Amino acid sequence: MTAAQTRPYGSWPSPIAAELAASLDGRPEYVGTVGTEVWWTEPRPREGGRRALVRLRADGGAGGGHGGGGAAELPAPWDVRSRVTEYGGLPWTGAERAEGGPLVVFVHFADQRLYAYEPEAPGEAAHPRPLTPLSEVGGGLRWADPVLRGSEVWCVLEEFTGPAPTDVRRVIAAVPLDGSAAGDRSAVRELTDGRHRFSTGPRLSPDGRHAAWLVWDHPRMPWDGTELRLAGITRDGRLERARTVLGGPAEAVAQVEWTAGGTLLAVSDRSGWWNPYRVDPETGEAAGLCPREEEFGGPLWKPGLRWIAPLPEGLVAVLHGQGASVLGVLDPESGDLVDAAGPWTAWQPTLAVSGTRVYGVAASPRSAYEVVELDTATGHARAVGAHGVDPVDPAHYPEPQSRTFLGPDNREIHAHVYPPHHPACRAAAEELPPYVVWAHGGPTDHVPPVLDLHIAYFTSRGIGVVEVNYGGSTGYGRAYRERLREQWGVVDVEDCAAVARALAAEGTADPDRLAIRGASAGGWTAAASLAATDVYACAAIIYPVLDLLRFAEETHDLESRYVEGLAGPAQTLAVRCRERSPVARADRITAPFVLLQGLADPVCPPGQAERLLAALRGRPVPHAYLAFEGEGHGFRRADTMVRALEAELSLYAQVFGIQRTDVPQLELRLEL
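Now for a description of the structure that goes with this document. On a predicted model such as this, the values are computed, not experimentally measured, just so you know.

Here the focus is the overall build of the protein chain. On a plain count of helices and strands, the protein chain comes out with ten helices and 40 strands. In terms of C-alpha radius of gyration, the protein chain reaches 25 Å, essentially the compact-globule figure of 26 Å for 672 residues. Relative to its full complement of 672 residues, the protein chain shows a buried share of 62%. A sequence separation of at least 24 residues applies to 59% of the contacts in the protein chain between residues at least 6 apart.

Attention now goes to the packing of aromatic side chains. By convention here, two paired aromatic rings are described through the distance between centres and the angle between planes. Applying the stated criterion across every chain yields a total of 18 aromatic pairs. Between tryptophan 223 and tryptophan 301, the aromatic rings sit 4.6 Å apart at their centres with planes inclined by 50°, giving tilted as the arrangement. Of this pair, tryptophan 223 sits in the loop between β16 (210-216) and β17 (227-233) while tryptophan 301 sits in the loop between β22 (286-288) and β23 (308-310), and the two are 78 residues apart along the sequence. As far as burial versus exposure is concerned, tryptophan 223 and tryptophan 301 are alike and both buried. Note on tryptophan 488 and tryptophan 524: the rings are 4.6 Å apart at their centroids and 25° apart in plane angle, and the pair reads as stacked.

Turning to the layout of surface pockets, a few remarks are in order. Considered as a void within the structure, the second largest pocket measures approximately 950 Å³ in volume. Forming the walls of the second largest pocket are 34 residues, and the residues nearest its centre are Thr33, Val147, Arg203, Glu257 and Arg306. Counting only elements with at least two residues in the lining of the second largest pocket, the list comes to β2 (29-34), β6 (92-96), β10 (141-149), β15 (203-204), β19 (253-258), β23 and β28 (352-354). Tallied by class, the residues present in the lining of the second largest pocket amount to 22 nonpolar, eight polar and four charged.

Time to look at the packing of helix α4 (residues 491-505) against helix α5 (residues 521-532). One can describe the packing of α4 onto α5 by two numbers: an axis separation of 9 Å at closest approach and a directional angle of 75°. The orientation of α4 with respect to α5, classified from their angle, is roughly perpendicular. Across the interface between the two elements, Asp492, Val493 and Cys496 from α4 touch Trp524, Thr525, Ala528, Ser529 and Ala532 from α5. Among the residues forming the contact of α4 with α5, the class breakdown is five nonpolar, two polar and one charged.

The strand order across the open sheet formed by four strands is β6-β7-β8-β9, and the pairing between neighbours is antiparallel. The two strands at the open ends of the sheet, each matched to only one other strand, are β6 and β9 (129-130). Pairing analysis gives two bridges linking strand β8 (residues 114-117) to β9, with the strands arranged antiparallel. Bridge pairing links alanine 116 to arginine 129 in β9.

Taking 1.5 Å as the rise per residue, α4 with 15 residues should run 21 Å; its terminal C-alpha atoms sit 20 Å apart, in good agreement. Most of α4 is tucked away, with eleven of its 15 residues classed as buried. Residues of α4 that are buried: Val491, Asp492, Val493, Asp495, Cys496, Ala497, Ala498, Val499, Ala500, Leu503 and Ala504. Elements that come into contact with the buried residues of α4 comprise β32 (401-406), β33 (412-418), β35 (435-439), β36 (464-469), β37 (514-519) and α5. In the segment just after α4, glycine 507 is the residue with positive phi, at about 85°.

In this section: the side chain of histidine 108. Assignment of secondary structure puts histidine 108 in the loop between β7 (102-107) and β8. Judged by relative accessible area, which is 8%, histidine 108 ranks as buried. Among all residues touching histidine 108, those that are not within four sequence positions of it are Pro77, Trp78, Asp79, Arg81, Arg113 and Tyr115.

Here we come to the pattern of salt bridges. Summed over all chains, the structure comprises 52 salt bridges. Taking the shortest distance from any N to any O, the salt bridge between arginine 44 and glutamate 42 comes out at 3.0 Å. Each member of the pair arginine 44 and glutamate 42 is classed as buried. Bridged by salt links that share partners, the residues Arg83, Glu86, Arg142, Glu158, Arg170, Arg197 and Asp557 form one connected network.

Secondary-structure assignment places threonine 200 in the loop between β14 (198-199) and β15. Relative accessible area serves as the criterion here: at 6%, threonine 200 is assigned to the buried category. Apart from residues no more than four positions distant in its own chain, threonine 200 is found in contact with Asp145, Val156, Ile172, Trp213, Leu214, Trp216, Leu300 and Pro303.

Turning next to empty space enclosed by the protein. Counted by the stated rule, this structure contains three cavities of 30 Å³ or more. One number sums up the size of the largest cavity: a volume of about 80 Å³. Lining the largest cavity, in full, are Asp145, Thr200, Gly201, Arg203, Leu214, Ala254, Gln255, Val256, Glu257, Leu300, Gly304 and Leu305. If one sorts the elements of the lining of the largest cavity by residue count, β19 sits on top with four residues. In terms of residue class, the lining of the largest cavity is made up of five nonpolar, four polar and three charged. Estimated volume of the second largest cavity: approximately 60 Å³. Around the second largest cavity, the lining residues are Val84, Thr85, Arg170, Phe198, Ser199, Trp216, Leu300, Trp301, Lys302, Pro303 and Leu558. Residue composition of the lining of the second largest cavity, by class: seven nonpolar, two polar and two charged.

Grouped together as the largest cluster of nonpolar side chains are 120 residues, with contacts concentrated most on Leu228, Tyr536 and Phe593. No other element matches α4, which puts seven residues into this core. Sequence-distant contacts of phenylalanine 593, that is, excluding residues within four places in its chain, are made with Leu530, Ala539, Ile541, Leu613, Leu616, Val621, Pro622, His623, Ala624, Leu651 and Leu668. Val392, Leu451, Leu453 and Ala647 belong to the second largest nonpolar core, which has 44 residues in total.

Parameters and conventions
- Residues numbered from 1 in each chain as written.
- Predicted model: local features only at pLDDT ≥ 70, side-chain atom pairs only at ≥ 80, totals over all residues.
- Heavy atoms only, no water.
- Helix = DSSP H or I, 4+ residues; strand = E, 2+ residues; numbered from the N terminus.
- Rg over C-alpha atoms; globule rule 2.2 N^0.38 Å.
- Buried < 20%, exposed > 50% of the residue type's maximum accessible area, 1.4 Å probe, protein only.
- Contact = heavy atoms within 4.5 Å.
- Phe/Tyr/Trp six-rings, centres within 6.5 Å; stacked < 30°, edge-to-face > 60°.
- 1 Å grid on protein atoms, 1.4 Å probe; cavity = no way out; pocket = protein on both sides within 12 Å on 5 of 7 lines; lining within 4 Å.
- Points joined across faces, edges and corners; volume = space filled by probe spheres on them.
- Nonpolar A, V, L, I, M, F, W, Y, C, P; charged D, E, K, R; others polar.
- Axes fitted to C-alpha atoms, helices over the stretch in contact; angles between N-to-C directions.
- Parallel < 35°, antiparallel > 145°, perpendicular 65-115°, else oblique.
- Pairing = 2+ DSSP bridges.
- Expected span 1.5 Å × (residues − 1).
- Salt bridge = Lys/Arg side-chain N within 4 Å of Asp/Glu carboxyl O.
- Core = buried A, V, L, I, M, F, W, Y, C linked by side-chain atoms within 4.5 Å.

Set out below in structure tokens:
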């Protein structure tokens, strides 16, 4: 056995190159079943960032994707992704045709049209054919969360009525499968009246007589309060007697489903935790199926997310836990809950069922996200898709430590610590490692402890990472996420700083070599931290929110009122902006930073970044600004991710005094 080399932290060689981390970025999403087949979407960073539609045939299919288990069903440039509310949602649905073979309906990202696809149909019929009209690219008509019903597909229709991001209406609509609406907007039947600002797609009862869906309105976000709507379906396919049966301004219903026997199930946080309930359609009375101080649901950022999935014989597959979630099978009659065996420690809210089998997307600290099958008849679970051989020796992966820290007022702060790790390198005993605090986006979201090659990119080089689920994060009950109400830029900043200081105080991290990084809402936290504290030596700020007032004016419709809950009502927003916005407090920023921005970002437009740079003009703050053509909110292209990762590493190397020659040196400018 070769003795470990002694080298300074941050200077260790690593087989995890930026190209490798970029090529494997992203995870499978939107798992569904078509008969006995399993389908899902999967990222293709090397193909311009498109999302491929992957099919796993009943016989196991062909190898594809990130390493096997399924094959891309449609070649480039087909890109299965919706832009409803800009974040998208469930972009496809499918069923077996009477003639045999699947019928799949999907949204193509480039034009946002719905297409029907019948791969086993003869001749030209096997090619995707449009179902909805061609409209203005980036605007016009968008579709999400579809379900097949007879000769139609029912789904969410988002229609822009003017030039502003908030000039938009959303309804549930019925699109004919015969293609008659492809050139005729009037052939699309609207099933709801657009009275509610936001809507999920419908869930249809097994007897076809009822539809259930979720709605909410400004200024609420879907984790603040939603309503479960229920309506009858007439013989001619209209909705009648639509009414609210659960939820309201202070109760967030995250999901609604029907069992095979026609029972209405919902996931609600009425107890302070998202738990599953049986709902009486007439009275709205809700009976808890498994009351626990755990989350069986999460933030409904996109329509079509599924934390529960009823099985044909009456059991219910559920995702549950505190922080990260695990897969379990619930008996709704007894309340008994049995968890699936296996190495997976975190599951995404996308469950599908076929017979006794449950399918989902899961990961662990040693494996990235993959498609997993649980056979509830045997209890056996296995990876069936998007899995592959480890690209490098797993000995280079970090081992996360899930910990709870104490912040101001002795409040608990949940975090995952990833110490520097290399199988053949160590640092001198007297040296403390540099650490980067990662602030997640959302901010109403959370991060689980799973394998992430972007984290391993740094830890394998000798730079520690700590991901902080600061107050406001989901996964720990409503009270924990309500900590951020009107406190954005305060609680998140304090919690991240408290974790960083604690790591330094206990001798885990070098107090002089601490950094912070974040994207989107995490970019706000990173930039606000530079203006509010002296904890960090530098920061990586990625497609951020930086100006509260202008963000409310510039962003997309979904989040246009979000800041009212995060920072305060409109009448106090100007004051809060002056107190907290990095743009308004730019004179307090002295630490170096790199600012990374997509120029096609509709959520955090480039103007946010540009105003921070303008506010810093004339001040000697070392910085770099990298803007990427064609990138939106969340980098998807491999070349973009490579440049961004290498720029971030170069920043840390320069600020922390680390010698590295394997990445281009980032030019830090002192003046604009």
